[in-house]
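What follows is each chain in one-letter form.
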Amino acid sequence: MDYKKLSVLWKLNAFELAHFLGQCSHESNNFRVKEENLNYSAKGLRNTFGKYFKTNAEAEKYARKPQAIANKVYANRMGNDDEKSGDGWKYRGRGYIQLTGKNNYAAFSKFIGEDCVKNPDLVITKYPFESALWFFRTNNIFSLCKDISHISIIAVTKKVNGGTNGLADRVYQTNKYYKEIKQQI
């Protein structure tokens, strides 16, 4: 990867680029996955989405049904309509930072100048990096990228993930990219 070119193109310093690539790498399983995996077991649903699956019986009804899971957990939020609308599945997480929800797809569409609301798969096929970059900029995440300390990585992770899931890998990835970037820039 040509980090100097990316740094200039995206107008990012070494810390910002390392955080961005580290988080994207973690969220996308080293840039191999561009779409949210919602194939949860009942136990996984209770652990990850316990707010929406309060009983084992309810989780069992949805287990291993990604489309149904997305429609339930993303219903009536982020600009999505109710569970029956199918918006949860249509606007599930895509791209290297998992752009999620109709409102985010609409805002990203306005930014990029192409209708990702009508064609959400554009985020996978054409804009996985751009949507992630848009997310970082829109949520002012680059302001947290002052260094690559553990504290900074935690702060960035919380903005990206809402918590600290996968923190050890995020720390590893961010440090790995920072070392590679420093060798080129």
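First things first, this report covers the structure right here in the doc. (Residues numbered from 1 in each chain as written. Predicted model: local features only at pLDDT ≥ 70, side-chain atom pairs only at ≥ 80, totals over all residues. Heavy atoms only, no water.)

A separate point is the overall build of the protein. Regarding its fold elements, the protein presents eleven helices and zero strands. Written out in order from the N terminus, the α and β elements of the protein read α-α-α-α-α-α-α-α-α-α-α. Computed over C-alpha atoms, the radius of gyration of the protein comes to 17 Å, within 12% of the 16 Å expected from 2.2 N^0.38 for 185 residues, which places it in the range of a compact globule. With the principal axes as the frame, the protein shows a C-alpha extent of 55 × 35 × 25 Å. With 185 residues in all, the protein has 47% of them scored as buried. For the protein, the proportion of contacts with a sequence separation of at least 24, taken over those separated by at least 6, is 51%. Of the roughly 9700 Å² that the protein leaves accessible, carbon and sulfur atoms contribute 50%. For the protein, the centre of its 30 positive side-chain charges and the centre of its 18 negative side-chain charges are spaced 3 Å apart. (Helix = DSSP H or I, 4+ residues; strand = E, 2+ residues; numbered from the N terminus. Rg over C-alpha atoms; globule rule 2.2 N^0.38 Å. Buried < 20%, exposed > 50% of the residue type's maximum accessible area, 1.4 Å probe, protein only. Contact = heavy atoms within 4.5 Å. Areas by Shrake-Rupley, 256 points an atom, 1.4 Å probe, with all protein chains shown as cover. Lys, Arg positive; Asp, Glu negative; His and termini not counted. Charge placed at Lys NZ, Arg CZ, Asp CG, Glu CD.)

For the rest of this paragraph, the subject is the packing of aromatic side chains. When we look at a pair of aromatic rings, we describe it by the centre distance and by the angle of the planes. Summed over the entire model, instances satisfying the criterion amount to 18 aromatic pairs. Ring plane angle 80° and centroid distance 6.3 Å describe the contact between Tyr 3 and Tyr 177, whose orientation is recorded as edge-to-face. Taken together, the positions of Tyr 3 in helix 1 (residues 3–10) and Tyr 177 in helix 11 (residues 167–184) put the pair 174 residues apart, joining distant regions of the chain. As far as burial versus exposure is concerned, Tyr 3 and Tyr 177 are alike and both buried. Taken together, Tyr 3, Trp 10, Phe 20, Phe 31, Tyr 96, Phe 129, Phe 136, Phe 142 and Tyr 177 form an aromatic cluster joined through their ring pairs. Its guanidinium or amino end placed over the ring of Phe 53, Lys 72 lies 5.7 Å from that ring's centre, counting from NZ or CZ. Cation over ring: Arg 92 sits above Trp 89, and NZ or CZ is 3.7 Å from the ring centre. (Phe/Tyr/Trp six-rings, centres within 6.5 Å; stacked < 30°, edge-to-face > 60°. Lys NZ or Arg CZ within 6 Å of the ring centre and 35° of its normal.)

Take the nonpolar core next. Leu 17, Phe 20, Leu 21, Phe 136 and Ile 181 are the most contacted members of the largest nonpolar core, which has 36 residues in total. For this core, the secondary-structure elements that each account for two or more residues are helix 1, helix 2 (14–27), helix 7 (102–112), helix 8 (122–125), helix 9 (128–138), helix 10 (150–161) and helix 11. The element best represented in this core is helix 2, accounting for six residues. Counting residues in each nonpolar core, the second largest holds 13 residues, with Ala 42, Leu 45, Ala 70 and Tyr 74 among its members. (Core = buried A, V, L, I, M, F, W, Y, C linked by side-chain atoms within 4.5 Å.)

Attention now moves to the environment of Glu 58. Among the secondary structure elements, Glu 58 is positioned in helix 4 (residues 56–62). Using a relative accessible area of 23% as the deciding quantity, one classes Glu 58 as partly exposed. In this structure the C-alpha to C-alpha distance between Glu 58 and Gly 22, which are 36 residues apart in sequence, comes to 36 Å. Filtering out sequence-adjacent residues up to four positions away, Glu 58 remains in contact with Tyr 52, Phe 53 and Lys 72.

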